[in-house]
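The chain contents come next:
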Protein chains: 2
Amino acid sequence: MDYFDSDAWRGFLESQALLPEGFEIAVTSLDFTPVEKPDAGVLHMKLSLLRTTEPTSSFAGVFTKNAFPGWPVLVGRELLDAPLIQGVLVNNKVANVGASGGLEASRRLAEAMRTALGDRAPFIPSSTGVIGWSLPVEAMETAMPDLVQKRRSDSLLPFAEAIMTTDAWPKIRCASCGEGRIVGTAKGAGMVEPNMATMLSYLLTDVDVPRDAARRILSDVVKRSFNRISVDGEMSTSDTVILLSSRKRPYPGDEAFASALFETSSALAEDVVRNGEGCGHVFRIIVSGAPDEPTATALARSVANAPLTKTAIRGNDPNIGRILQAIGAACGRLGINFSRERTVLTIGGREVYSSGEFKLDGALEESLNRYLKERELPLPAPRWPAHEKRIEIEVNLGLGEASSAIIASDLSEEYVKINTDYRT
Amino acid sequence: MDYFDSDAWRGFLESQALLPEGFEIAVTSLDFTPVEKPDAGVLHMKLSLLRTTEPTSSFAGVFTKNAFPGWPVLVGRELLDAPLIQGVLVNNKVANVGASGGLEASRRLAEAMRTALGDRAPFIPSSTGVIGWSLPVEAMETAMPDLVQKRRSDSLLPFAEAIMTTDAWPKIRCASCGEGRIVGTAKGAGMVEPNMATMLSYLLTDVDVPRDAARRILSDVVKRSFNRISVDGEMSTSDTVILLSSRKRPYPGDEAFASALFETSSALAEDVVRNGEGCGHVFRIIVSGAPDEPTATALARSVANAPLTKTAIRGNDPNIGRILQAIGAACGRLGINFSRERTVLTIGGREVYSSGEFKLDGALEESLNRYLKERELPLPAPRWPAHEKRIEIEVNLGLGEASSAIIASDLSEEYVKINTDYRT
């Protein structure tokens, strides 16, 4: 889809953002000065509430595997065992990673939110922003009555906007699911805030998915969506995906639910890449003909993360040599029995390497250069995505039946510029 | 060491470049037009010879593990079993990777060199340049009598200059070894030529190292030197390290030889990083207190390759959060039992994280910012290295006794700019 202006984009977003039955959101803001960096001056934090109108036993969460996780991630992991959950409380600006007393701060804030609402089930806290800074706990508590006041149940859009940090646009995707719906939002990726990469996603549904199914299906869907993207190969200290059900509509069964959850999650995951810092193209590396799926995924990820693949795509250069070099390097590292003769490489469906030979001539090269150019995204990113096109690169190894794909962004001077700016 | 101008640098280089006894070199050049890309026009190729005056049984080689290696790499691997070797023949501009008939072309050229010199032992071919192009075999053969004519045994410098591609300066390092010497040269890394990353290194000695020791020691030394660097995390299709002995001086024993070979190789490896494309700082990540050495190496490599570490260093930003995030991500991926409490992080010897707390205050941050700035390299690179300073970052995991280090370059806008330029 092409979006010619922010109105066209906003119309699409609003059509996706209708909250499922049994949910409400609220957004407020507060000013604070980080104690660890007083010369940063007065900063503006958004505090956002997402709540089921009744406590729910049907929820699930997947958290970062980073061994140095943020404090909210530790609290969230503990809460997965709770019998009931009431919702989530999200702040930007401060990631609450590595700050002393951060565990207590996250617990205290979640508890204060519960008390302010008079709820009996706990809230899951999420934080995104600078590592090492402490949360301004008292100012956040003071803002809570305003959150209680401002609850609304019409649209997810204000919440999706409030959790943004350096995102250029809010991300919302929905899918129908039996007699209900799944609506999700995500923020991140690549570096957000000058210090941190963080991906947060909240997936809401009114269908009454059993707790065990919610956990099993979310875990599988995350593997095939959010874990199949790459902006800079980094895994943040705070990556979090939460699924909440209000249990208002009948459950259509595992297959229908998994399919709708995958539709929502994979679209959000691609949105996150498209809005990654300095993203000039979205491309998908499909590795097929692999001996098994983990091998296909590892290989696709290696090629997607290779700086020489990424910079070639940024330059609209159909550089077969660099792609084959990255495949060869990864096969060497992974001990895959690469075959020069069996391997087939296509870009945009056009065969560029097969039977051990480069197929590129002047005409094909020009046509592929055009194919790449047509898929370029404007930089710096405007406040909406220009289009939803992506580049397709497929490597068939001719070694088996398994396949996997990674969706990634190119590597631009803008990415480096954003991330070398000394934080102030 | 600081080099204030190219004369100071050249003086140092010449002091290193004296050829050991029993070696000669020659350099010539030729013009050609790539058949695969006639509109590239007339290109200028350097053809370089390195030869022992008598055939030698004492040689060794280590080649890329890339599963899509260049044709010369396949020929080189075969020749490791030869009883005697005479030398190496190197060209730039064309990597001879993936070109049809490339295996025959490399064999034919090596054989033509042998015949032109009237030698009985074979030559190892090396090629560096564009992937997918065919070698101009006839023009190269025509240039060989000139190579035979131009042999000289005084200095390695003309050879070191001729094998350069996008390198800004030649790289030569020597070490004394018993009654003899080891002199080595290297070219590359990062992308060289618009299409390829290639690291080539030739290590020459006059000490009579037994063939088996040469193989064992070279393999170990490469692991601890050339395989402990990272410019962009890529492994080229043509990476090659060759060790040749003229057997003119007595062998001082394995320990002395290994020590001198490591001294030469590790200095060359660091030179290669310092002259990596768009390199704005050289930094070393030391992981200590690790349960075992492979774990320490894998972890150091992950942090060294993390774009957020690299861009922070480029920006002279002592960004502890990003480094801890990269360590946490790698520990999560590698299943290392990271401890918040035991981990100690130092930058330039200054403790910035320990006992679970960030130690950074305004004064320390300013001092570290100065430390990073003093180690910055000018970009674009002048024709000599400005200095040999590097940044030291140490992560002590507090989990064991093993340690390892990776020497790497930062990630600059210049790197991306160089590598996104559409090849012409």
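Numbers given to residues run from 1 along each chain, matching the order in which its sequence is written. Whichever chain is written first becomes A and whichever ligand is written first becomes 1, with later ones labelled in order. Given that the model is predicted, a residue must reach a pLDDT of at least 70 before its local features are reported, and side-chain atom pairs must reach 80 or more before they are shown or counted; all residues, however, enter totals for whole chains, interfaces and linings. Values reported for side chains reflect all heavy atoms of the structure, with hydrogen atoms and water molecules removed beforehand.

Moving on, we get to the overall build of chain A. Helix numbers and strand numbers start at the N terminus; a helix is a DSSP run of H or I with at least 4 residues, a strand a run of E with at least 2. On a plain count of helices and strands, chain A comes out with 13 helices and 18 strands. In this treatment the radius of gyration is a C-alpha quantity, and the globule benchmark scales as 2.2 Å times the residue count to the 0.38 power. Whereas a compact globule of 424 residues would reach a radius of gyration of roughly 22 Å, chain A reaches 22 Å, a difference of no more than 12%. Dimensions of chain A, computed from the C-alpha atoms along their principal axes, are close to 70 × 55 × 45 Å. Within chain A, buried positions represent 62% of all 424 residues. Any pair of residues with heavy atoms lying within 4.5 Å of one another is described as a contacting pair. Taking all contacts inside chain A whose residues are at least 6 apart in sequence as the whole, residues at least 24 apart take part in 79%. In these tables, accessible area is a Shrake-Rupley quantity obtained with a 1.4 Å probe, and a residue counts as shielded only by the protein chains included in the view. Only carbon and sulfur atoms are counted for the fraction: they give 49% of the accessible area of chain A, which is about 14,700 Å². Placing the 46 positive and 55 negative side-chain charges of chain A at their respective mean positions leaves the two points 2 Å apart. For the exposure calls, accessible area comes from a 1.4 Å probe over protein chains only, and a residue counts as buried if that area is under 20% of its type's maximum, exposed if over 50%, partly exposed in between. His residues and chain termini do not enter the charge count, which takes Lys and Arg as positive and Asp and Glu as negative. Where a charge sits is defined by one atom per residue type, namely NZ (Lys), CZ (Arg), CG (Asp) or CD (Glu).

As a further point, take the relation of the copies chain B and chain A. Copy-to-copy superposition: least squares on the C-alpha atoms, limited to residues that have pLDDT of at least 70 in both copies. Each copy of the sequence occupies a distinct position, and chain B is placed on chain A by a rotation of 180° and an axial shift of 0.0 Å, giving an RMSD of 0.1 Å. Taken together, these values place the two copies in the relation of a two-fold axis. Scanning chain B for the C-alpha nearest the rotation axis identifies E413 of chain B, at a separation of 2.5 Å. Most of the interface of chain B is mirrored in chain A, where 100% of its interface residues are also at the interface.

Residue and element names in this part refer to chain B. Within the secondary structure, D271 sits in helix α8 (residues 254-274). For D271 and P385, which are 114 residues apart along the polypeptide, the C-alpha to C-alpha distance reads 8.8 Å. Discounting residues that sit within four places of it in the chain, D271 has contacts with K171 and R173.

Looking now at helix α12 (residues 362-374) of chain B. Residue and element names in this part refer to chain B. A helix is expected to span 1.5 Å for every residue after the first. Relative to the 18 Å expected for 13 residues at 1.5 Å per residue, α12 spans 18 Å between its end C-alpha atoms, a close match to the ideal helical length. Within the span of α12, buried status applies to L364, E365, S367, L368, N369, Y371 and L372. The inward-facing, buried residues of α12 contact β14 (344-347), β15 (350-354) and β17 (391-396).

Right, let's get into the sheet that holds strand β4 (residues 85-91) of chain B. Residue and element names in this part refer to chain B. The mixed open sheet is built from 4 strands, whose spatial order is β1-β2-β4-β5. Every other strand in the sheet has two partners, leaving β1 (23-32) and β5 (123-127) as the edge strands with one partner each. Across this sheet, the average inter-strand angle for adjacent strands is 15°, counted without regard to direction. Note that strand β2 (residues 43-56) and β4 share 6 bridges and pair antiparallel. Residue pairing in the sheet places R51 in a bridge with G87 of β4. Strand pairing is assigned whenever DSSP identifies at least 2 bridges connecting the two strands. To obtain each axis, a line is fitted to C-alpha atoms, and for helices this fit is confined to the stretch in contact; angles are then taken between N-to-C directions over 0 to 180 degrees.

Let's shift gears to the environment of E14 of chain A. Among the secondary structure elements, E14 of chain A is positioned in helix α1 (residues 6-17). Here the alpha-carbon distance between E14 of chain A and E270 of chain A, two residues 256 residues apart in the chain, equals 19 Å.

What makes a nonpolar core is a set of buried Ala, Val, Leu, Ile, Met, Phe, Trp, Tyr and Cys residues whose side-chain atoms join them at distances within 4.5 Å. The biggest cluster of nonpolar side chains holds 40 residues, and the ones touching the most others in it are I327, L345 and I393 of chain B. Contributing elements (two or more residues each) for this core: β13 (282-290), α9 (293-305), α11 (320-334), β14, β15, α12, β17 and β18 (402-409) of chain B. Beyond its immediate stretch of four places on either side in the chain, I327 of chain B contacts L299, V303, F338, V395 and L397 of chain B. Within the second largest apolar cluster, 39 residues are counted, among which are I285, A296, I347 and Y371 of chain A.

Where the parts come together, the accessible area they lose is often given as the size of the interface. Between chain B and chain A, the residue contacts involve 64 residues of the former and 64 residues of the latter. Accessible surface is computed with a 1.4 Å probe, and the buried area is the amount of it that two parts give up when combined, taken over both parts together. The contact between chain B and chain A buries some 5,000 Å² in all, and 56% of this surface belongs to carbon and sulfur atoms. The definition of a polar contact used here is a pair of N or O atoms within 3.5 Å, where within protein one atom must be able to donate a hydrogen and the other to accept one, and adjacent residues in sequence count solely through side-chain atom pairs. The interface formed by chain B and chain A holds 12 residue pairs in polar contact (both at pLDDT 80 or more) in total. Going through the elements one at a time, α2 (71-79), β9 (196-197), α10 (307-314), α11, β16 (357-358), α12 and α13 (413-420) of chain B are the ones with two or more residues in the side of chain B that touches chain A. Per-element tally for the side of chain B that touches chain A: the top contributor is α11 of chain B, with 10 residues.

To continue, consider the environment of K37 of chain A. Tracing the backbone through its elements, the reader meets K37 of chain A in the loop between β1 (23-32) and β2 (43-56). Through-space distance from the C-alpha of K37 of chain A to that of W133 of chain A is 8.0 Å; in sequence the pair is 96 residues apart.

For the rest of this paragraph, the subject is the sheet that holds strand β3 (residues 59-63) of chain B. Residues and elements named next belong to chain B. Read across the sheet, 5 strands follow the order β3-β12-β10-β7-β6 without closing on themselves; strand pairing throughout is mixed. In this open sheet, the two strands that pair with only one neighbour each are β3 and β6 (171-177). Pairs of neighbouring strands in the sheet enclose a mean axial angle of 10°, with direction left out of account. Sheet analysis places strand β7 (residues 180-187) next to strand β10 (residues 200-207), joined by 6 bridges and oriented antiparallel. Looking at β10, one finds that G184 is bridged to L203. Strand contacts of helix α1 (residues 6-17): β6 and β7, with the helix running at about 45° to β6, the strand carrying the most contacts.

It is worth spelling out unusual backbone geometry at this point. Geometrically, the link from L379 of chain A to P380 of chain A is a cis peptide bond, its omega value of -5° lying close to zero. Turning to its location among the elements, P380 of chain A is positioned in the loop between α12 (362-374) and β17 (391-396). Look at N96 of chain B: it is not a glycine, yet its phi comes out positive at around 50°. Note that N96 of chain B resides in the loop between β4 and α3 (102-117).

Where helix α10 (residues 307-314) of chain A contacts α13 of chain B, the axes come no closer than 8 Å and their chain directions differ by 65°. By the angle class used here, α10 of chain A and α13 of chain B are roughly perpendicular. Considering how the two elements wind past one another, α10 of chain A and α13 of chain B form a crossing that is right-handed. Of the residues in α13 of chain B, those in contact with P307, L308, T311, A312 and R314 of chain A of α10 of chain A are Y415, V416, N419 and T420 of chain B. Here the residues of the contact of α10 of chain A with α13 of chain B are counted per class, giving 5 nonpolar, 3 polar and 1 charged. When an angle is under 35 degrees it counts as roughly parallel; over 145 it counts as roughly antiparallel; between 65 and 115 it counts as roughly perpendicular; any other value is oblique. Should the near helix be turned counterclockwise from the far one by less than a right angle, the crossing is left-handed, whereas a clockwise turn marks it as right-handed. Classification convention: Asp, Glu, Lys, Arg as charged; Ala, Val, Leu, Ile, Met, Phe, Trp, Tyr, Cys, Pro as nonpolar; all other residues, Gly among them, as polar.

Among the residues of α13 of chain B, those classed as buried are Y415, V416, N419 and T420 of chain B. An end-on view of α13 of chain B places all buried positions within 115° of arc, on one side of the element. Taking the helix axis as origin, the arc is that swept by the directions to the C-beta atoms.

Next up on the list: the packing of aromatic side chains. The pairing test for Phe, Tyr and Trp rings, Trp by its six-membered ring, is centres within 6.5 Å, and the orientation test on the planes gives stacked under 30 degrees, edge-to-face over 60, and tilted for anything in between. The tally for this structure, following the rule as stated, stands at 14 aromatic pairs over all chains. Between the aromatic rings of F68 of chain A and Y353 of chain B, the centroid separation amounts to 5.8 Å while the plane-to-plane angle is 85°, which identifies the pairing as edge-to-face. Placement of the pair is F68 of chain A in the loop between β3 (59-63) and α2 (71-79) and Y353 of chain B in strand β15, with the two residues belonging to separate chains. A single burial state applies to F68 of chain A and to Y353 of chain B, both of which are buried. The rings of F68 of chain A together with F338, Y353 and F358 of chain B are connected pair by pair, giving a single aromatic cluster. In our convention, an over-ring charge means Lys NZ or Arg CZ found within 6 Å of a ring centre and within 35 degrees of that ring's normal. One Lys or Arg, R340 of chain B, reaches over the ring of W71 of chain A and ends 4.1 Å from the middle of that ring.

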